[in-house]
Amino acid sequence: MNRFKKIAGSVVLAAALTVSSIGIAPAKTPVKAAETAVTIEELTAELNAVGAKIKSIAETSTLKTSSAGTAAIMMAEMPDTPVATVPLELDMDIDAASKVGHGRMPMPSTDVTSMVSGDGQLPYEDLFMDLENSRMYIHDEKSGLDLVSEFPAASYLQGFGIGEGEGNMFTTLLSPQLLTAMKDFVTITKDTTTVNETPCAKVTVKIKLPKGVVSKYMDGMMSKIPDAFKSYTSMMDPKMMENVDVDASFVFYVDAEHTPLKIDENIALNGLSFNGLGINIKMDLVTSFNASTDKLSIPEDRIANAQVAPGYFTKAGDVSVLSSINDKGVSFFMVTGVNNVKAKKMTIPGSVKAFDKSYNVTQAVKDAFKKAKKLKTLIVKNATLKKELKKNPSKYGLSKKVKIK
């Protein structure tokens, strides 16, 4: 049973990120009014107005957004009996004036067997974004490591409608292009109601996608995800969506000034496939936001303790290198290839500087020098790497005639 919980984790994470697109404050149960039909164009206009309102809030204060809810995981053979209920929490804040962002979200991973622990808990990351220098400082709550990596600051700002580009967090996922493409499966209605005694519009978007439609529009859906979140959805295999049907609803409560008051998000994914296992997932989320006078800043110890995160690629003289972390939790770089395939002499530096700190170059990937056909001399500054290359030159694409110094 624990294995099943773990396998379902990546779908929970990716789907939660996909449907979490707006923040709204909790409210009392609204009073129902008569429904009227809404066109895709009218919905787009309303969401654009809400996006403009949120932009103005983000530019004048700290905007704090939060989504909370649960995901119930069922085996397809027992669709009414959850085998696990996973709590979901997604927080994304921005202080546009200070150019700092903050978030907390489930940790992305391509290892689906480790996504959810035996108690149904997701591993989380706490993130601070340096929007001025396009850096992200990460605290991995599972390992306790502090990491730093590149961050697409422009995309993050645009998520709140700030900067150049089209769209924002309110229109990215419910884009007019995507809704138009699926118009035969979408219904939109509008009520007038009250939330916490505030008159508002209640806009309901219902999406019912039969089998085959989801996989057909998968590429289009993923292309609408902001760059800042794409690593969280890259783990999704389109094949596992081939037999999926979707029943989703997004209910927006917006006042006369286009300020969002609440959104309820409900989505059911039926027919997911993992190695022959059929999985159904039902999610319920409520997203909230508030404007705060508190200024965001990156903690000094977060910056001081941060080491380069895995996956940072750069050039180091004659070779290209990629960062990784060893089993002791220490960052290092490995050689992945050469920058000049015609070079007869190359040097591998003993260290590489990244994000203001230096890291040792201690490994190389298989066939790293395969394309360096004219290489005669290889100077290796790191003793550990030099020993390994001399011991197994063919493993790394080196001719036995190459002199390793």
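Described in the following lines is the structure provided in the data block.

Criteria and cut-off values
- Residues numbered from 1 in each chain as written.
- Predicted model: local features only at pLDDT ≥ 70, side-chain atom pairs only at ≥ 80, totals over all residues.
- Heavy atoms only, no water.
- Helix = DSSP H or I, 4+ residues; strand = E, 2+ residues; numbered from the N terminus.
- Buried < 20%, exposed > 50% of the residue type's maximum accessible area, 1.4 Å probe, protein only.
- Contact = heavy atoms within 4.5 Å.
- Patch = residues over 30% accessible without salt bridge, like charges linked within 9 Å, V, L, I, M, F, W, Y side chains within 5 Å.
- Areas by Shrake-Rupley, 256 points an atom, 1.4 Å probe, with all protein chains shown as cover.
- Salt bridge = Lys/Arg side-chain N within 4 Å of Asp/Glu carboxyl O.
- Lys, Arg positive; Asp, Glu negative; His and termini not counted.
- Charge placed at Lys NZ, Arg CZ, Asp CG, Glu CD.
- Phe/Tyr/Trp six-rings, centres within 6.5 Å; stacked < 30°, edge-to-face > 60°.
- Lys NZ or Arg CZ within 6 Å of the ring centre and 35° of its normal.
- Pairing = 2+ DSSP bridges.
- Axes fitted to C-alpha atoms, helices over the stretch in contact; angles between N-to-C directions.

## Structural notes on the overall build of the chain
- Counting its regular elements, the chain contains nine helices and 21 strands.
- Among the 405 residues that make up the chain, the fraction classed as buried is 51%.
- In the chain, once contacts between residues fewer than 6 apart in sequence are set aside, the share between residues at least 24 apart is 65%.

## Quick word on a positive patch on the surface
- A contiguous patch of positive charge, built from K342, K344, K374, K376 and K401, is present on the exposed surface.
- Position of K376 relative to the elements: it lies in the loop between strand 19 (357-364) and strand 20 (377-380).
- K376 sits in the exposed class, given a relative accessible area of 53%.

## Things to note about the packing of aromatic side chains
- The final tally for this structure, using the stated rule, is five aromatic pairs.
- Consider the rings of F333 and Y359, whose centres lie 6.1 Å apart with planes at 55 degrees: the pair is tilted. Of this pair, F333 sits in strand 16 (residues 331-338) while Y359 is found in strand 19, placing the two residues 26 residues apart along the sequence.
- One residue, R104, lies across the ring of Y124, its end atom 4.1 Å from the ring centre.

## Brief notes about the sheet that holds strand 14 (residues 313-316)
- In spatial order, the strands read 14-15-16-19-18; together these five strands make up an open sheet with mixed pairing. With partners counted over all chains shown, the strands left at the sheet margins are strand 14 and strand 18 (351-354), one partner each. When strand polarity is set aside, the average angle formed by the axes of neighbouring strands in this sheet is 45 degrees.
- Relative to strand 15 (residues 319-325), strand 14 runs antiparallel, the two being bridged by four bridges.

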